[in-house]
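The lines below spell out each chain.
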Amino acid sequence: MKILVTGSAGYIGSVVCELLIEQGHSVVGLDNFGNGHQQASIPGTMTYNANVNDEEQLDSIFTNHEPEAVIHLAAKSLVGESVTNPSKYYGANVVESLALLQKMTEYGVTKIVFSSSAAVYGEPEKTPITEKQAPNPINPYGETKRAFEEILKWYEHAYGLRYIALRYFNAAGATSLFGEHHTPETHLIPIILDVALQQDRPMKIFGDDYETPDGTCIRDYVHVIDIANAHIDALRSLEKKPSGIYNIGNGIGFSNREIYETAKQITGQNIPLQITPRRDGDPAILVASNDKAGNDLGWNAKHSELAEIIQSAWDWKKKFPHGYE
Ligand SMILES: NC(=O)c1ccc[n+]([C@@H]2O[C@H](COP(=O)([O-])OP(=O)(O)OC[C@H]3O[C@@H](n4cnc5c(N)ncnc54)[C@H](O)[C@@H]3O)[C@@H](O)[C@H]2O)c1
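Because the structure is a prediction, the values reported are computed rather than measured.

## What about the overall build of the protein?
- Across its full length, the protein carries 10 helices and 14 strands.
- The C-alpha atoms of the protein give a radius of gyration of 19 Å, which matches the 20 Å a tight globule of 325 residues would have.
- Summarising its shape, the C-alpha atoms of the protein cover approximately 55 × 40 × 40 Å along the three principal directions.
- The buried share of the protein, taken over its 325 residues, is 54%.
- Put simply, of all contacts in the protein between residues at least 6 apart along the chain, 78% involve residues at least 24 apart.
- Of the accessible surface of the protein, which amounts to about 14000 Å², a share of 49% is contributed by carbon and sulfur atoms.
- A distance of 2 Å separates the average location of the 27 positive side-chain charges in the protein from that of its 41 negative side-chain charges.

## Some words on the pairing of strand β11 (residues 244–248)
- Within β11, five of the five residues are buried, which leaves it mostly tucked inside the rest of the structure.
- Taking every second residue as pointing to the same face, both faces of β11 are buried, with G244, Y246 and I248 on one and I245 and N247 on the other.
- Bridging between strand β6 (residues 162–168) and β11 involves five bridges; their strand directions are parallel. Opposite Y168, over in β11, you have I248 as the bridge partner.

## A short note on the sheet that holds strand β12 (residues 254–255)
- Here we have three strands laid out as an open sheet, ordered β12-β9-β14, and mixed in their pairing. Every interior strand has two partners, whereas the edge strands, β12 and β14 (285–286), have only one.
- Pairing analysis gives two bridges linking strand β9 (residues 218–219) to β14, with the strands arranged parallel. Bridge pairing links R219 to L286 in β14.

Conventions used here
Residues numbered from 1 in each chain as written. Predicted model: local features only at pLDDT ≥ 70, side-chain atom pairs only at ≥ 80, totals over all residues. Heavy atoms only, no water. Helix = DSSP H or I, 4+ residues; strand = E, 2+ residues; numbered from the N terminus. Rg over C-alpha atoms; globule rule 2.2 N^0.38 Å. Buried < 20%, exposed > 50% of the residue type's maximum accessible area, 1.4 Å probe, protein only. Contact = heavy atoms within 4.5 Å. Areas by Shrake-Rupley, 256 points an atom, 1.4 Å probe, with all protein chains shown as cover. Lys, Arg positive; Asp, Glu negative; His and termini not counted. Charge placed at Lys NZ, Arg CZ, Asp CG, Glu CD. Pairing = 2+ DSSP bridges.

Okay, here's the thing in structure tokens:
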């Protein structure tokens, strides 16, 4: 299948492209390189350096490459920044992304897999979180993801667009080629590995007085290879099954302290640690139920061990100590 991947030069996008090509699909990428990296493009992939609402470039892509489906990962995704600058988030994640849907409609492309997020849920009502929990985002980032899910629903109703929205939990890990390099980096595993390598600052854990077995927050980390494979399963499902929304998580929670201890073991480094007060808005536990994705898409997390996830990220980090710079 020929697929347009937006956000193809980002962390998850690079691995999605890698696995699509590995599994015999043909890929055209689009990225404005705002947060992406030239080196994160798989050799041989044509990548358009364009914004997701660049009509001229989209015309060129749809005319010259005739993609049969779109995987839409391009988005701004810093929660804190979305609170201080919501206009940037509604602009990129909703308004600009609408232009992509318009073009899909114009060119008769009817299948889309969309990167949504666990952020649509807000505070969990119970653990693990199932797709039945009503969305209630607590920041503009989560709101934009939820808004786009709703847009997809109405585009299906009006124009026959078929979609799968994947609500990822915390992506982590790497392949031998591509790993996580965000600026600024806000994700725990790349930060802890950077501290292990640089030894220039302490690793911060925000709060150890939560109601969890070791007092630190518990999150669902899912290997980026598993996330990438979920897109391929979703495309397959769109061939004959209805549209839908799915959690993509490991289904297993790991505490911050567990991550710290595992990272220490894997890196063999003594990682300086600082426990600081809780941050506002951090729930104690966020873990996905992944049963629906298992039942409907046939997806499951194959790389679910924390040690494997961290080892892959560490191997990549040692190879590329400064990321793609
Ligand atoms: N990383 C996670 O743990 C996580 C969790 C939940 C959801 N998500 C979602 O998954 C997607 C990918 O996340 P990621 O971690 O790979 O992020 P990333 O920032 O590494 O990748 C996003 C890519 O999209 C590009 N981009 C952003 N806005 C664009 C625009 N308007 N036009 C063209 N290109 C644009 C960036 O340059 C970047 O290369 C995002 O939609 C994010 O919200 C990520």
